[in-house]
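Here is how the chains run, residue by residue.
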Amino acid sequence: QVQLVESGGGSVQAGASLRLSCAASGRTFSVNAMGWFRQAPGKEREFVAAISGMGGRIYYADSVKGRFTISRDSAKNTLYLQMNSLKPVDTAVYYCAARRYNSGGSSQVNEYDYWGQGTQVTVSS
């Protein structure tokens, strides 16, 4: 079993920055690719960014390219999302996710096996 715990969310004004962290525990040796997703009220969970098992391949949603940076520290079993130039449309619950059997990053919700509890990010104008 793998547990994922997000932290770093909060309420900020437009233009501010936040750094989200996701700490993995349990059978972390089985964790390969990881990603960040977000879900706003009334909307489906949407892809934000993904990173391959070794960190060499990265994929961003068009809406966050140039503003967000995904990274991982495998030795610490921690995933990060640096969010800069935040906009009100970024307001959502942000979820950390991990794949069990595949090292390739994916933008598809149904291709991830483990999920964190989510952390709220609120951006005011």
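Structural data are supplied above this passage.
Note that the coordinates shown come from a computational prediction; the quantities given were computed from them, not determined experimentally.

Close approach of charged atoms allows side chains with opposite charge to pair. As enumerated under the stated definition, the model contains 5 salt bridges in all. In this structure, Asp-90 engages Arg-67 in a salt bridge whose closest nitrogen and oxygen atoms are separated by 2.8 Å. Of this pair, Asp-90 sits in the loop between strand E8 (78-83) and strand E9 (92-98) while Arg-67 sits in the loop between strand E6 (58-60) and strand E7 (68-73), placing them 23 residues apart in sequence. Here Asp-90 and Arg-67 have matching classes, each one buried. When the shortest N-O distance is used, the salt bridge between Glu-111 and Arg-99 registers 3.6 Å. Residue Glu-111 is located in the loop between E9 and strand E10 (114-115), and its partner Arg-99 is located in the loop between E9 and E10; the two are separated by 12 residues in the primary sequence. Several salt bridges share partner residues, and in doing so they unite Arg-38, Glu-46, Arg-67 and Asp-90 into one network.

Rules of the game
Residues numbered from 1 in each chain as written. Predicted model: local features only at pLDDT ≥ 70, side-chain atom pairs only at ≥ 80, totals over all residues. Heavy atoms only, no water. Salt bridge = Lys/Arg side-chain N within 4 Å of Asp/Glu carboxyl O. Helix = DSSP H or I, 4+ residues; strand = E, 2+ residues; numbered from the N terminus. Buried < 20%, exposed > 50% of the residue type's maximum accessible area, 1.4 Å probe, protein only.

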